[in-house]
Structure formats: structure tokens, C-alpha cells
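# Structural description and commentary
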Amino acid sequence: MKTEEIGFGGLKLIQDDEGFKYGIDAVILADFAFSIFPGAERIVDLGTGNGIIPLILSHKNRKALLTGVEIQESAVKSAVESVRINGLEGRIEIIRADVNEAGSRLPGHEADAVTCNPPYVARGGGMAGSLSGKYIARHETTAELTDFVKAAAWALKDRGHFFMVHRPSRLVDVFCACRKEGLEPKDIRLVCPRRGEAPNIALIHCVAGGGRELRFMKELAVYDNKGKYTDEIERIYERESSIL
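Residues numbered from 1 in each chain as written. Predicted model: local features only at pLDDT ≥ 70, side-chain atom pairs only at ≥ 80, totals over all residues. Heavy atoms only, no water.

### With respect to the packing of aromatic side chains
Under the counting rule described, the total for this entry stands at 4 aromatic pairs. With 5.9 Å between their ring centres and 90° between their planes, Phe32 and Phe163 make a pair best called edge-to-face. With Phe32 in helix α1 (residues 24-36) and Phe163 in strand β7 (residues 156-166), this residue pair connects regions lying 131 residues apart in the sequence. Taken as a pair, Phe32 and Phe163 share a single burial class, namely buried. An angle of 15° between the planes, with centres 5.7 Å apart, marks the rings of Tyr229 and Tyr237 as stacked. Among the residues examined, Tyr229 registers a relative accessible area of 25% and is labelled partly exposed. The exposure class of Tyr237 is buried, given its relative accessible area of 9%. Through pairs of rings, three or more aromatic residues link up here, namely Phe8, Tyr223, Tyr229 and Tyr237. (Phe/Tyr/Trp six-rings, centres within 6.5 Å; stacked < 30°, edge-to-face > 60°. Helix = DSSP H or I, 4+ residues; strand = E, 2+ residues; numbered from the N terminus. Buried < 20%, exposed > 50% of the residue type's maximum accessible area, 1.4 Å probe, protein only.)

See the structure below:
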């Protein structure tokens, strides 16, 4: 286990050197959710991993109470310890559970917002591997995309907000699953490595019981033509002071 300074007001994160480490997708998802719905009071993060999204959101939204749900025991231990060392025990709760258990482990229809950074590779897709932490984080194993969406629909209030990050190649699956569970897609933001390149990440915002209208937001480029983070990514990481 290693403790890392991740910024965001001096937050520290416990990470397992052998486990799956968070990436930019978790960071931009937290920013996406906060920018659209900054006033959420109760937030649930499904598949929370080491707790990175609840930690970042606890900094951005100082009034929110957050719950992270994670199946992997090692990740849960890391998340709980990260919550403790940041003094956030009163605001962040970590639950060890599969998303399929949401109906018994989470209060129904009480969350203002749900965030989710699920495994991207569909069950049966990709190369087979051992059930390591890295493999489980990337591949649908005990739960599939539809299970995450069902869990979000259970947890959310009417007109609650659902935020997911996924691959553009799975957008049809995401939209079909969300509409089936009454989560209407409202906003999508495509993320590309550089301006003019094909997107490789999609940020999706849905509303429980919302009307049918989808808005495409301005694309987000990660790198500039010099291979450095763009100004917007630097802002998302709260590193404006490094931009000269």
C-alpha cells in the first residue's frame, strides 16, 4: 500500500501497488457531475474502487454525504483507510457489496446523485485473465452494465441525477439500459486524446424520470499539440497555478 498526495485541497489516497489505480476518467467524471449538479446532498458512487470519486466530490461539494459501493475487499480496505486519514468518516461511508445487492444494502430512492465508473469491457469481451483487482476493474465479472444502471435507478430520487463514464463504443448499450430503467439521457460529453481525434471516453448524464432530449456538450481534449494537458484538464485537476 502507498499513500499519495492527489491535490484537491491536500487529499491523500491509499493505493495498492498491485491493484487497479485510478485514472483520468474518474477525475473528469467527478468534475462532470459537480459541474452539472453542484448542490447534491446525498451521493452514491457505484464501483467506487479505492474511493477516489467520493474523495474528490467531498472536496468539491462540502455539504454532501457520500456512499461508495465496492465488491473487492482490498479496494474497500484502501478506501476506508483513505477516508480515515483525510478525516472524512462523518461524510463518506464505504460499503463492501456487489451492485446486485443494492436493493438490500442501499436506501431506495434517497440519493440526489449517483456516479459510476464501471468496468468498460463487456462480459466475454477482451482477453481472459485471472480475477485480479486490475482485471475485475476493467471487465464485467459479477455485475454487468445493466446491473449498475439498475442499482442507480434504485438509489435515485425522482428527478435524481445519474453520471457515468464509459467508452463511446458502448454508448448504445448505455442509452438502452438507462432508458429501460427510467434514467433518461440528457447530456453527453465526448473526450478525445487531442483536438480532431476520435473520442475514447464518453461522459453521460441522465435524469430519473426526465424528458426525452439529449444535448451534446463541447468535446473535451486531454492533451494539446505539445503532449501536455490542456488548460481545461489542468483546471479539472485544480492546477491552474501551473499554467503560465
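So that's the structure; there's more coming.
### Description of the environment of Pro168
Locating Pro168 in the fold gives a position in the loop between β7 and α7 (171-180). The spacing of Pro168 and Ala202 is 34 residues in sequence and 5.5 Å in space, taken between C-alpha atoms. Each residue touching Pro168, except ones within four places of it in the same chain, is listed here: Pro199, Asn200, Ile201 and Ala202. (Contact = heavy atoms within 4.5 Å.)

### Considering the environment of Gly49
The residue Gly49 is located in the loop between β3 (42-46) and α2 (52-60) in this model. Each C-alpha atom, one on Gly49 and one on Asn117, is 9.1 Å from the other, the two residues being 68 residues apart in sequence. Beyond its immediate chain neighbours, meaning those up to four positions away, Gly49 contacts Glu70, Ala75, Val76 and Ala79.

### A few points about the pairing of strand β1 (residues 2-7)
For a regular strand, the rule is simple: side chains alternate between the two faces of the sheet. In the sheet, β1 pairs with strand β2 (residues 11-15) via 5 bridges, with the strands oriented antiparallel. The residue of β2 that forms the bridge with Glu5 is Lys12. The turn joining β1 and β2, which pair antiparallel and follow one another in sequence, is formed by 3 residues; a positive phi near 50° is taken by Phe8. (Pairing = 2+ DSSP bridges.)

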